[in-house]
Amino acid sequence: MKLMSAADLDLAALLRAGDRIVVGQAGAEPLTLTRRLAATPRLPTGCRVFLGPVYSDTFTTPIPEALSFEGYGAIGRAADIARAGRLDVLPMHYSALSRAFADGSLRADCVMIQLGLGPDGEHLTLGLCNGYEVEAARNARLVIAEVNLDLPACRGAEWPDDIQIHFKVAATRPPLEVETPMAGETELAIADHVAALVPDRAALQFGVGATPQSVAGRLRGHRDLGLHSGALFDAVVDLIEGGAVTNAAKEHHAGVSVAGMLIGSRRLSAFAHDNPAFRLCPPLVTHGHASIAALSRFCAINSAIEVDLTGQVNAETLDGRPIGAVGGQVDFVRGANASPGGRAIIALPSTARGGTVSRIVPQVTTATCGRSDADAIVTEWGVAELRGCTISQRVERMIAIAAPQFREELARSWRDRWRAAHE
């Protein structure tokens, strides 16, 4: 396969004014291409980069003046772009993005994607992420692939033969590695509570961040767990190698761990490479409601910025600024609620800013998950079981898992709101 050098790629000539440029997300960011884009002078006016989770500093040090940015959230370093007022957020469920790019309701003009070689050494494979970028490329005017020979060849992630690639560029950098967030005492205490909610033979989904990922280390004594997640990270390799994960009880993809993207180190890539017990699947599989609901005991383990006394979850904004995303949280929460024996678990520390701010609040500023979807909310102080509970019961249970120094204030706030509503 003949590959061109990124230095010979004239992006200023190839792009057009107002183009939306969809780039590979998380560890699948094509670093050679994105850094070439960020450094290109005299780009056509109005070019917009569509981002997913960002774990590199490509677009943040400094933020290129010639580009504007869009994304389905502000995850990772994308929050830095949002903090600078340069990120316009598209509040869509992750499951809807592929369909939107496929039917044209979201236009993709250029797609920059990172691909590797399959086990046969000839066919291209998606490597670290099988996401909406595929459907975006199917309808894009311009598709540029960075071919990186260090990517894993994952089953299920073969590049479709019917999608044309206009330029194939040789990677000059290894794939991006993402460190697992460090879990402190609070996260580990939360993880203990969450692990107690997870039954043997459960199918697991983990959200991003230290709190959901710390749960993995507390599940090593479980049996016949399965993995069906939007993302997987290094800690799940320990679960698999230790025998806790067998995927034996899953109604589909039995014996196989399923994810849409890999966010981790070379150890995770090595696990996934040409592994018949792992598949990198598209969003229709990983986030599709029918796919999730068909799995018994599906446990969705996600986090939040704040949760209110009635069970509404904010996973998107802090003080009005984007700092998270809708992402796949609602997809997984609703799928878990439809799963026989499933659990929709939201886990978060009870406070922020050194204990000065409560993350259990009277009312969220942004409602990512409605209170009608609430199941179990977990902090280091315990579990609030909300499914089947009235509003007054929920308020009592949520106050019980708030940090003790904020409980009286939360109770008073709720009483004041109740009186005001009934005067």
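Note: the structure precedes this text.
Now for a look at the structure at hand.

Calculation notes
Residues numbered from 1 in each chain as written. Predicted model: local features only at pLDDT ≥ 70, side-chain atom pairs only at ≥ 80, totals over all residues. Heavy atoms only, no water. Buried < 20%, exposed > 50% of the residue type's maximum accessible area, 1.4 Å probe, protein only. Helix = DSSP H or I, 4+ residues; strand = E, 2+ residues; numbered from the N terminus. Pairing = 2+ DSSP bridges. Right-handed = clockwise from strand over helix to strand, strands pointing away. Contact = heavy atoms within 4.5 Å. Core = buried A, V, L, I, M, F, W, Y, C linked by side-chain atoms within 4.5 Å. Axes fitted to C-alpha atoms, helices over the stretch in contact; angles between N-to-C directions. Phe/Tyr/Trp six-rings, centres within 6.5 Å; stacked < 30°, edge-to-face > 60°.

1. Remarks on the pairing of strand 10 (residues 226–232)
The side chains of a regular strand alternate, residue by residue, between the two faces of the sheet.
Alright, step 1. Across the seven residues of strand 10, seven count as buried, placing the element largely inside the fold.
Alright, step 2. With two bridges connecting them, strand 9 (residues 203–206) and strand 10 associate as parallel partners. Its bridge partner being in strand 10, Ala203 is matched across the sheet by Gly226.
Alright, step 3. Where strand 10 lies against strand 11 (residues 257–262), four bridges are found, and the strand directions are parallel. Residue His228 lies in a different strand from strand 11, and its bridge partner there is Val258.
Alright, step 4. Viewed along the sheet, the connection from strand 10 through helix 8 (residues 235–241) into strand 11 turns out right-handed.

2. Quick word on helix 4 (residues 94–103)
Alright, step 1. Here helix 4 has its buried residues at Tyr94, Ala96, Leu97, Ser98, Ala100 and Phe101.
Alright, step 2. Of the surrounding elements, those touching the buried residues of helix 4 are strand 1 (20–23), strand 2 (48–51), helix 5 (133–138), strand 11, helix 10 (283–286) and helix 12 (329–338).
Alright, step 3. Gly104 lies just past helix 4 and shows a positive phi near 90°.

3. As for the nonpolar core
Alright, step 1. One finds Trp159, Leu204, Phe206, Leu219, Leu262 and Phe278 to be the most contacted residues of the largest nonpolar core, which totals 74 residues.
Alright, step 2. Considering every element that reaches this core, the biggest residue donor is helix 6 (residues 185–197), with five residues.
Alright, step 3. Judged by nonpolar contacts, the second largest core, of 33 residues, contains Ile346, Cys369, Ala403 and Phe406.

4. A closer look at the sheet that holds strand 12 (residues 278–280)
Alright, step 1. Within the open sheet, the eight strands sit side by side as 12-11-10-9-13-18-22-23. Their pairing is mixed. In the strand order of this sheet, the two ends are held by strand 12 and strand 23 (382–385), each with one partner. Across the sheet, the mean angle separating the axes of adjacent strands is 20° when strand polarity is ignored.
Alright, step 2. Along the sheet, helix 6 makes contact with strand 13 (298–302), strand 18 (343–347), strand 22 (376–379) and strand 23, crossing strand 22 at roughly 150°.

5. Brief notes about the sheet that holds strand 15 (residues 313–314)
Alright, step 1. Taken in spatial order, the three strands of this open sheet run 15-14-21, and their pairing is mixed. Here the strands that pair on one side only, and so sit at the sheet edges, are strand 15 and strand 21 (360–361).

6. Some points on the packing of aromatic side chains
Alright, step 1. Considering all chains together, one arrives at ten aromatic pairs under this definition.
Alright, step 2. Between the aromatic rings of Tyr72 and Tyr132, the centroid separation amounts to 5.9 Å while the plane-to-plane angle is 90°, which identifies the pairing as edge-to-face. Taken together, the residues span a long stretch of sequence, with Tyr72 in the loop between strand 3 (68–71) and helix 3 (78–83) and Tyr132 in the loop between strand 6 (124–125) and helix 5 at a distance of 60 residues.
Alright, step 3. Overall, Tyr72 belongs to the buried group, its relative accessible area being 4%.
Alright, step 4. For Tyr132, a relative accessible area of 0% translates into the label buried.
Alright, step 5. Summarising the aromatic geometry, the rings of Phe298 and Phe332 are spaced 6.2 Å apart at their centres and angled 20° between planes, so their arrangement reads as stacked.

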